Amino acid sequence: MTAEAPAHTEEHHTSTGLSNEKLAMWVFLGSECLLFGGLISTYMFNKGRIGPDDVGPNDVFDIPFTSVSSFVLLMSSLTMVFAVSSIARGDLRGNRIWLAATAALGVTFVAGQVYEFTAFYSEGLGFTTNLFGSAFYALTGFHGAHVTIGIVMLMSLLVMSMRGNLGPERAETVEIIGLYWHFVDIVWIVIFTIVYLFPQ
Amino acid sequence: MATVTPDSADTAHASDESMREATPTAHAPEEHASAGGHAHPSNWLYVKVAIYLALLTAFEVFTYFETVHGWGDTAIIIMLVIMMLLKFFLVVAFFMHLKFDSPIFWRLFVFGLILAMAVYMVMLTAFRFW
């Protein structure tokens, strides 16, 4: 695998000399830290507040399954950076392949989450069963919604590319959507450790 | 402040060109800079980062199994947090390009992150979580 110099050479005529769109995405991601921080701390606070006969984390979590899901999402970040680097060097076909691969891995992750929620529900853990259930579904559900929005954005890029509207001059658009996708990945890195792997 | 005339800019550009020719390995072998001065890592570096992420994840999952529970919950939590932070840093620095991009982006993101951590640490403390 070799890398070539990026094809896009545009300069940003802004007061900071930086792209306003990219700056806005970073500000947005900074604010998203507050959203997920609130959900994660609410989960930490409520996960142990269950009755002796209630369904708890140890009763429902399937760590090997969730580990595979986590690996899938991690690898989707790799395919996303390949999508960004391929469009930057003008490789439109490669860009389409990597965008499609990223979206497919994202769909696999969301499908795994839907399966997990269904399995947990059948084992007796509903959204209103106890505080652990409410906090767990709110946190992982919000994350799943973010992944789904990311998939919609990736598919939109793919459609744009197939219609010939996504060339190397718009490499920054792919990079900005890539930032969102990687953010969703790092949020899952935190969720996987704190929610699933911390000793209960 | 020094003013840059077109002539001096051309001279500087030519000088840069000659420097680049004279020192072909001026950049790290796994990075190269675009016209805007923003270096892009090579695909091989991305693959290496992904391998590190996969290995860290495998080790994290390993700590879940009963055989290591004799280590004690505190030791496991400390190890998990260290590995989580390493994975977080690898993705942010390399996949999100913060290592190579303008420091303004880094500051904006870290500001949000630290604010979130501070607010929710205070919240958890107020609710006597610890």
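Computed from a predicted model, the values in this text were never measured in an experiment.

Q: Run through the packing of aromatic side chains, naming residues and quoting values.
A: Under the criterion given, the structure shown has 26 aromatic pairs over all chains. A ring pair is formed by Phe-45 of chain A and Phe-127 of chain B, whose centres lie 5.2 Å apart and whose planes are at 55°; its orientation type is tilted. Taken together, the positions of Phe-45 of chain A in helix α1 (residues 20–46) and Phe-127 of chain B in the segment after α4 (103–126) put the pair across two chains. Assessed through its relative accessible area of 48%, Phe-127 of chain B is described here as partly exposed. The interplanar angle of 85° and the centroid separation of 6.3 Å between the aromatic rings of Phe-183 of chain A and Phe-109 of chain B together place this pair among those described as edge-to-face. With Phe-183 of chain A in helix α6 (residues 171–197) and Phe-109 of chain B in helix α4, the pair connects residues from two separate chains. Each member of the pair, Phe-183 of chain A as well as Phe-109 of chain B, carries the same accessibility label: buried. Aromatic rings pair up to connect Tyr-43, Phe-61, Phe-109, Phe-117, Phe-120, Phe-132, Phe-136, Tyr-137, Trp-188, Phe-192 and Tyr-196 of chain A into one cluster.

Q: Please give an account of the packing of helix α2 (residues 43–62) of chain B against helix α3 (residues 73–95) of chain B that cites residues and values.
A: All names here are of chain B. Axis separation between α2 and α3 bottoms out at 10 Å; the angle between their running directions is 165°. Relative to α3, the element α2 lies roughly antiparallel. The hand of the α2/α3 crossing is left-handed. Packed against α2, whose contacting residues are Leu-45, Tyr-46, Val-49, Ala-50, Tyr-52, Leu-53, Leu-56, Thr-57, Phe-59 and Glu-60, the element α3 presents Met-79, Leu-80, Met-83, Met-84, Leu-86, Lys-87, Leu-90, Val-91, Phe-94 and Phe-95 at the interface. Its residues assigned to classes, the contact of α2 with α3 comprises 17 nonpolar, 1 polar and 2 charged.

Q: Describe the interface of chain B and chain A, and please don't skip the residues or the numbers.
A: Taken together, the contact between chain B and chain A spans 45 residues of the former and 50 residues of the latter. Between chain B and chain A, roughly 4,300 Å² of surface is buried when both sides are summed, and carbon and sulfur atoms account for 82% of that area. Connecting chain B to chain A are 1 salt bridge. We note a salt bridge from Asp-101 of chain B to Lys-22 of chain A, for which the minimum N-O separation is 2.6 Å. One can count 5 residue pairs in polar contact (both at pLDDT 80 or more) joining chain B with chain A. Broken down by secondary-structure element, the contributors of at least two residues to the side of chain B that touches chain A are α2, α3 and α4 of chain B. For the side of chain B that touches chain A, the class distribution of residues is 31 nonpolar, 10 polar and 4 charged.

Q: Residues and numbers for helix α4 (residues 92–122) of chain A, please.
A: Each full turn of the α-helix corresponds to 3.6 residues, which orients residues three or four apart in the same direction. For α4 of chain A, which comprises 31 residues, the first-to-last C-alpha distance of 45 Å matches the rise-based estimate of 45 Å (1.5 Å per residue) to within 8%. Two residues or fewer after α4 of chain A comes Gly-124 of chain A, characterised by a positive phi angle close to 105°.

Q: Any details on the nonpolar core? Residues and values, ideally.
A: With 91 residues, the main nonpolar core has Phe-61 of chain A together with Phe-109 of chain B as its most contacted residues. Contributing elements (two or more residues each) for this core: α1, α3 (63–88), α4, α5 (131–162) and α6 of chain A together with α2, α3 and α4 of chain B. Ranked by residues supplied to this core, first place goes to α6 of chain A with 20 residues.

Q: Please give an account of a nonpolar patch on the surface that cites residues and values.
A: Residues and elements named next belong to chain B. Together, Trp-44, Ile-51, Tyr-52 and Leu-55 make up an exposed nonpolar region whose accessible area comes to about 440 Å². Along the polypeptide, Leu-55 turns up in helix α2. For Leu-55, a relative accessible area of 55% translates into the label exposed.

Definitions and cut-offs
- Residues numbered from 1 in each chain as written.
- Chains lettered and ligands numbered in written order.
- Predicted model: local features only at pLDDT ≥ 70, side-chain atom pairs only at ≥ 80, totals over all residues.
- Heavy atoms only, no water.
- Phe/Tyr/Trp six-rings, centres within 6.5 Å; stacked < 30°, edge-to-face > 60°.
- Helix = DSSP H or I, 4+ residues; strand = E, 2+ residues; numbered from the N terminus.
- Buried < 20%, exposed > 50% of the residue type's maximum accessible area, 1.4 Å probe, protein only.
- Axes fitted to C-alpha atoms, helices over the stretch in contact; angles between N-to-C directions.
- Parallel < 35°, antiparallel > 145°, perpendicular 65-115°, else oblique.
- Left-handed = near helix turned anticlockwise from the far one by under 90°.
- Contact = heavy atoms within 4.5 Å.
- Nonpolar A, V, L, I, M, F, W, Y, C, P; charged D, E, K, R; others polar.
- Buried area = accessible area lost by both parts, 1.4 Å probe.
- Salt bridge = Lys/Arg side-chain N within 4 Å of Asp/Glu carboxyl O.
- Polar contact = N/O pair within 3.5 Å; in protein donor to acceptor, adjacent residues only side chain to side chain.
- Expected span 1.5 Å × (residues − 1).
- Core = buried A, V, L, I, M, F, W, Y, C linked by side-chain atoms within 4.5 Å.
- Patch = residues over 30% accessible without salt bridge, like charges linked within 9 Å, V, L, I, M, F, W, Y side chains within 5 Å.
- Areas by Shrake-Rupley, 256 points an atom, 1.4 Å probe, with all protein chains shown as cover.

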